[in-house]
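Close look at the chain arrangement
Listed below, chain by chain, are the residues.
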Amino acid sequence: MARHIVAAVDEIPPGGRKLVEADGKKIVVFNLGGEFFALLDRCPHQGSALSGGILCGLTLSDEPGRYHFSRAGEMLRCPWHNWEFDIRTGKSWFDPRRTKVRAFPAHVELGKSLVEGPYQAETFPVKVEAEYVVVEV
């Protein structure tokens, strides 16, 4: 799996998301309290763009009239038919074994660790003489 730098950390604030493209795939990157998660921007039901979905939480009930709300902002609701997916895993809430959105590993790396890579740009010495820029080739 190839690595792609898709955003600076401050471009995706906590609770935010950003739609990016990598290897021809549209991917939504989410920031959940400083942890980053990435999901394919396509609902497995009928292909809606999940990047337009609503962030919600999990509401459970152990008896009638009693509700417990948790995981605020960690569930994503498809904008077309309200199917809900766990942002951390991509699994659907209604059938997590069979229905899920493709999840991609996402993490933060320091910029200085990304400077060195397999590709090297060819450089040329440059100097300014009066009002002219001269490139030595």
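Above this note sits the structure.
All figures in this text were calculated on a predicted structure; none of them were measured in a lab. (Residues numbered from 1 in each chain as written. Predicted model: local features only at pLDDT ≥ 70, side-chain atom pairs only at ≥ 80, totals over all residues. Heavy atoms only, no water.)

1. Focus on the sheet that holds strand 1 (residues 17-22)
What counts, and what does not: Here, any two strands with at least 2 DSSP bridges between them count as paired. Segments assigned H or I by DSSP are reported as helices when at least four residues long, segments assigned E as strands when at least two residues long, and all are numbered from the N terminus.
Strand order in the open sheet made by the four strands is 1-2-3-7, with antiparallel pairing throughout. The sheet is open, and its two borders are formed by strand 1 and strand 7 (103-104), each paired with just one other strand. Two elements, strand 3 (residues 35-40) and strand 7, share two bridges in a ladder whose sense is antiparallel. Looking across to strand 7, one finds that Ala 38 is bridged to Phe 104.

2. Examining the pattern of salt bridges
What counts is decided by this rule: Any Lys or Arg side-chain nitrogen found within 4 Å of a carboxyl oxygen on Asp or Glu counts as a salt bridge. Throughout, exposure labels follow a simple rule: accessible area from a 1.4 Å probe, protein chains only, divided by the maximum for the residue type, with under 20% read as buried, over 50% as exposed, and the rest as partly exposed.
Applying the stated criterion across every chain yields a total of seven salt bridges. Here Arg 88 ties to Glu 35 by a salt bridge, and the two come within 3.1 Å at their closest N and O atoms. Remark: Glu 35 occurs in strand 3 and Arg 88 occurs in the loop between strand 6 (84-86) and strand 7; sequence separation between them is 53 residues. By relative accessible area, Glu 35 is classed as partly exposed at 41%. The partner of Glu 74 in a salt bridge is Arg 88, with the nearest N and O atoms 3.0 Å apart. Here Arg 88 lies in the loop between strand 6 and strand 7 and Glu 74 lies in strand 5 (residues 66-77), a separation of 14 residues in the sequence.

3. What about the environment of Leu 50?
Selection criterion: The criterion used for residue contact is that any of the two residues' heavy atoms lie within 4.5 Å.
Within the secondary structure, Leu 50 sits in the loop between strand 3 and strand 4 (54-63). Along the sequence, Leu 50 and Ile 27 sit 23 residues apart, while their C-alpha atoms lie 9.2 Å from each other. Leaving out residues up to four positions away in the same chain, Leu 50 has contacts with Arg 17, Leu 40, Asp 41, Arg 42, Cys 43, Leu 76, Cys 78, Pro 79, Phe 85 and Val 101.

4. Things to note about the sheet that holds strand 6
Stated precisely, the cut-off is as follows: To obtain an axis, a line is fitted to C-alpha atoms, over the contacting stretch when the element is a helix, and the angle between two such axes runs from 0 to 180 degrees between their N-to-C directions.
With respect to topology, three strands assemble into an open sheet ordered 4-5-6, the strand pairing being antiparallel. In this open sheet, the two strands that pair with only one neighbour each are strand 4 and strand 6. When strand polarity is set aside, the average angle formed by the axes of neighbouring strands in this sheet is 55°. For strand 4 and strand 5, the ladder comprises seven bridges, and the chain directions are antiparallel. Residue pairing for strand 5: Leu 60 is matched across the bridge by His 68.

Remember, this is a structural readout, not a statement about activity or role.
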